[in-house]
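A structural walkthrough
So the chains spell out like this:
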Amino acid sequence: MATKIFKHIQSTIVPLQVENIDTDQIIPARFLKATTREGFGQNLFCDWRFDIDGKPKQEFILNNPLYLGKILVAGKNFGCGSSREHAAWAIADYSFDVVVSSFFADIFKGNALNNGLLPVQVSELFLDRIFSEVAKDRHTEVEVDLEGQYIKICSTGEQESFEINPYKKACLLNGYDDIDYVLNNKSWIETYERSKVI
Amino acid sequence: MGQTLFDKIWDAHIVNRSAGFPDVLYIDTHFIHEVTSPQAFDGLRDRGIPVFRTNQTVATADHNVPTLHQDQPIREELSRKQVDMLTQNCAEFGVELYGLGHPYQGIVHVIGPELGITVPGKTIVCGDSHTSTHGAFGTIAFGIGTSQVEQVLATQCLLQSKPKQMKIEVNGKLPFGVGAKDIILYIISKISAAGGTGYFVEYAGDTIRSLSMEGRMTICNMSIEMGARGGMIAPDQTTFDYVKDKEFVPKGEAWDTALTWWKTLYSEEDAVFDEVLSFDAADIEPMITYGTNPGMGIGITQIIPAKEALDEHEQFSYQKALDYMALQDNTEILGKQIDYVFIGSCTNSRIEDLRLVADFVKGREKAPHVTAWIVPGSKQVQLQAIAEGLDKVFESAGFELREPGCSACLGMNEDKIPAGKYCVSTSNRNFEGRQGPNARTFLASPLTAAAAAVTGKVTDVREMLPQLSEPEFVEF
C-alpha cells in the first residue's frame, strides 16, 4: 500500500530546546487506548501543553502563536523510551513533516520513517546554530531536501548534509511500503522456512 | 575474525540479503498485546491478508488491565474496548490469546520465559521496547513499532539493518546488598540514557554469569533505557536448567538437538565488537534515580550532582528535571520522605523478586503514610506467591498483593501515583508523568523499594539487612 511521500520542504520552525524528550512526553500512555491511527495530534506533548485542568500553558512553545511551522527542532536524544508508534503518529497528525535533532532514539527513528515523518540528524553545532537563529528571528526558515540529503538555514545559507538509509530514502521519495516489498518476495520466506533446522 | 553471539543468531535468521536493502530477518516468535496491535490488525484487513504464521504469534492482555477484580468486566470503558478488540482480533485471525482469566496471562515479558516460549537462539519481537528482556536467554529480542507489528503478522519477517555491537563486561563479586537492578542502573548512570543508541549489547563477565535467570532478565530488560536496541547474555548451564521442562520447550530428541545448537551460542574469543566497556562490581552500591530519565541515577549514599558540573547546554534540561522532582542539586537523597512503593513491572515482578521482598518484610511493617503495592508479573507468579504463603507475609506487613499486569509502571490502568507524590518503584522509567500526571518516580531495586516502604523514606537497605560478621563484611 502506498504511504506518504516526502521530498522537500521549506518552512518556519518550532524550536523545543529540551534534551532527552521521551515518547511518554510526546504522547502520554493514557492516550494509547485509541484503536486507530488518527487524532493523536490533539494530545501531542499533552502534559507540557496543558495544565491539570486542561488549560493551555502559555509558556509552552506549541501554545505560542508566534511559532508555527512544519519542522520541529528539538534537543539531543529525541524520542527515547517506549516503542509506541503513537509518538510518530502524534507528531505527524499535528502536521509536522520533519523533526530535527542532534540525536534520535533508534525505534522512534524507524517509526517516523514508516509514517512519512523525516527525522533529520544534524551536528550539535548545527543544532545550536538553528536555535540561535530562531532566537534572533522567529521567522527563520529552514529548508530540508531529501533527494540531495541536506538541511539549510535559509537566512544565512549555512547547510549540512544528513544521512539516511538508501532503502528508506527510496521508500519516502516514492511512497513504497516495507510490507509490500516482503510480500512480493514471499518465496524467499518459504525457502528459508524449509531449510530451517530448529 | 570470530563471530559474536549476536552474529551467530542474526546470520541464522537471514531470509534475504540484497545490496542496498536492509536484511530480511526471520522472526521466530512474535508477542502481541492490546495497546500496539489494533492498528496492525486493521492494516491486515485493509490489505485483505491473513496472519502469515499464526502458531508463531502469542497474545496477552497486560498494559491496560486492572490489578483488582480481574474476574469482573473492566470498568474503564476505553481499556475494556481495547482489551475486547484484542480478543476479537485474535479470534478472527486465529492467534493464541492468554487473556484475562487465562492461567497463562501476565506481562508479556514475564510469561514468555516462564512458559518456555523464550529459549536460546530465537529471534523475538514485540510492540514493546522492553522486549529486550528475552535477550537474557541468548536471543535477539527487541521492541518494534506498530507498522512493524503489521509487517511481522503479514510476513513473519522484518526489514532490519544490522546494528553495531557493544560488549559490556562486569567482573568481580557483588557487594553486600547489591543486586541485578543496581548493576543495570549503575551502568546506565555511567553511560547515560543515550549511551547505547545504535548498538545491540552483549553483557558478559563473571558478575553477569553469577546471576540467576531472573537477574539476567532484569539487566537485559533495561537495555533500552541506555538507548540500545536490545541486550543479550550467552546461554549457559543456568539458562539450560531454567528452560528445561518448561511447557513449550522442546522435549526428547528435539531437546537434544536444540541443546546442541544452544551450546554453540557464545561470542568467540577473537570476536570483535564496535565498543567494549568494562565495569567493576565492587564499585556498585544500591542505586536510586533522582531525575526524569534512567541515566540520572546515583549510589544511594551519594549526593545529587551539581548542576554547574554539566555543560552549559545541558543545564536547562537538568534543572527542568530537578524542578519536576522538587529536588535540589548538591543534596542527599537519603532520608527523603516518600509516599508510594510499587514493586512490579517487567523489570522486577518475578517470583524471585517477590520472595526477596517477602523475606525482607517478614516481621516488619510498612510506614503508616506509605501505600505499598506488589503487582506480580503473571497469574503463575501470583499463584506461586500464594502457594508459598508470601501473600500472608505481605498482608501482615501492610503491602497489598494485587493481580498481574503492567500497572503503575506506566499508569494506563487505574494504578496511578497521584500528582506531586513520590514513589519508589522497581519499574524501568522515571520519565515525567510516567506513573501518572506529575507523579515523581525514584527507580530502585526491590530491596531498596521494600526498605523505603518500611521506613517511609529513601533508605540504605544495607543497614537493615541481617548483619554479616565483621571480617566477612570487610572481605566484600
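A few points on the structure. (Residues numbered from 1 in each chain as written. Chains lettered and ligands numbered in written order. Predicted model: local features only at pLDDT ≥ 70, side-chain atom pairs only at ≥ 80, totals over all residues. Heavy atoms only, no water.)

**Remarks on the overall build of chain B**
Let me state the cut-off plainly: A run of H or I in DSSP becomes a helix once it reaches four residues, and a run of E becomes a strand once it reaches two; helices and strands are each numbered from the N terminus. Buried residues are those whose accessible area, probed at 1.4 Å on protein chains only, stays under 20% of the maximum for their type, while exposed residues exceed 50% and partly exposed ones sit between those limits. Residue contacts follow a heavy-atom distance rule, with two residues in contact if any of their heavy atoms lie within 4.5 Å. Note on areas: these come from Shrake-Rupley sampling with a 1.4 Å probe, and a residue is covered only by the protein chains present in the view. In this count, Lys and Arg are taken as positive residues and Asp and Glu as negative ones, while His and the chain termini are left out. Note that the charge is assigned to NZ on lysines, CZ on arginines, CG on aspartates and CD on glutamates.
The helix and strand tally for chain B stands at 16 helices and 19 strands. Principal-axis analysis of the C-alpha atoms places the extent of chain B at approximately 55 × 55 × 50 Å. Burial analysis of chain B (476 residues in total) assigns 65% to the buried set. For chain B, long-range pairs separated by at least 24 residues make up 76% of all intrachain contacts whose partners lie at least 6 apart in sequence. Accessible surface for chain B amounts to roughly 16400 Å². Of this, 49% is attributable to carbon and sulfur atoms. Computing the positive centroid from 40 side-chain charges and the negative centroid from 62, chain B places the two 3 Å apart.

**Quick notes on helix H5 (residues 124-136) of chain A**
All names here are of chain A. Counted only if it meets this: Multiply 1.5 Å by the residue count of a helix minus one, and that product is the helix's expected span. Starting at the helix axis, one direction is taken to each C-beta atom, and the arc is that of these directions.
The first and last C-alpha atoms of H5 sit 18 Å apart over 13 residues, in line with the 18 Å expected at 1.5 Å per residue. Residues of H5 that are buried: Phe126, Leu127, Ile130, Phe131, Glu133 and Val134. In an axial view of H5, the angular spread of the buried residues amounts to 165 degrees, which keeps them on one side of the axis. Opposite the buried face of H5, by more than 90 degrees, sit the exposed residues Leu125, Ala135 and Lys136.

**Some remarks on the sheet that holds strand E5 (residues 96-98) of chain B**
For sheets, the rule is that strands pair by backbone hydrogen bonds, running either parallel or antiparallel. Residue and element names in this part refer to chain B. To keep things clear, this is the line we draw: When DSSP locates at least two bridges between a pair of strands, those strands are taken to pair. Between N-to-C directions, angles cover 0 to 180 degrees, with each direction set by a line fitted to C-alpha atoms, over the stretch in contact for helices.
Here five strands make up an open sheet; going across it, the order is E5-E4-E3-E6-E7 and the pairing parallel. Of all the strands in the sheet, just E5 and strand E7 (140-143) have a single pairing partner and so form its edges. Direction aside, the axes of adjacent strands within the sheet are offset by 20 degrees on average. Pairing geometry for strand E6 (residues 123-126) and E7, over four bridges, is parallel. By the bridge assignment for E7, isoleucine 124 is matched with alanine 141. Seen against the sheet, helix H5 (residues 146-155) touches strand E3 (29-32), strand E4 (57-60) and E6 and runs at an angle of roughly 130 degrees to E3.

**As for the interface of chain A and chain B**
Quick note on the threshold: As a working definition, buried area equals the accessible area (1.4 Å probe) given up by two parts on being put together, with both sides summed. Criterion for a salt bridge: a side-chain nitrogen of Lys or Arg within 4 Å of a carboxyl oxygen of Asp or Glu. For the purposes of these results, a polar contact is taken to be a pair of N or O atoms within 3.5 Å, where, inside protein, one atom must be able to donate a hydrogen and its partner to accept one; residues adjacent in sequence count only when each atom of the pair is a side-chain atom.
At the junction of the two partners, chain A supplies 53 residues and chain B supplies 72 residues. Interface of chain A and chain B: buried area, both sides summed, is about 5200 Å²; carbon and sulfur atoms make up 60% of it. Counting the surface chain A buries against chain B, the share from its top three residues, Lys33, Thr35 and Tyr192 of chain A, is 14%. Here chain A and chain B share eight salt bridges between them. Two residues, lysine 196 of chain A and aspartate 28 of chain B, come together in a salt bridge whose shortest N-O distance is 3.1 Å. At the junction of chain A with chain B, the criterion picks out 26 residue pairs in polar contact (both at pLDDT 80 or more).

**Side note on the sheet that holds strand E16 (residues 371-374) of chain B**
Residues and elements named next belong to chain B. Strand order in the open sheet formed by five strands is E17-E16-E15-E18-E19, and the pairing between neighbours is parallel. Both edges of this open sheet fall to strand E17 (400-401) and strand E19 (440-443), since each of them pairs with a single strand only. As paired strands, strand E15 (residues 340-343) and E16 are joined by four bridges and run parallel to one another. The residue bridging valine 341 from the neighbouring strand is alanine 372, located in E16.

**A word on the environment of threonine 35 of chain A**
With respect to the helices and strands, threonine 35 of chain A occurs in the loop between helix H1 (23-26) and helix H2 (46-49). Sequence-distant contacts of threonine 35 of chain A, defined by excluding residues within four places in its chain, comprise Pro38, Gln39, Asp42, Lys81, Gln82 and Met85 of chain B.

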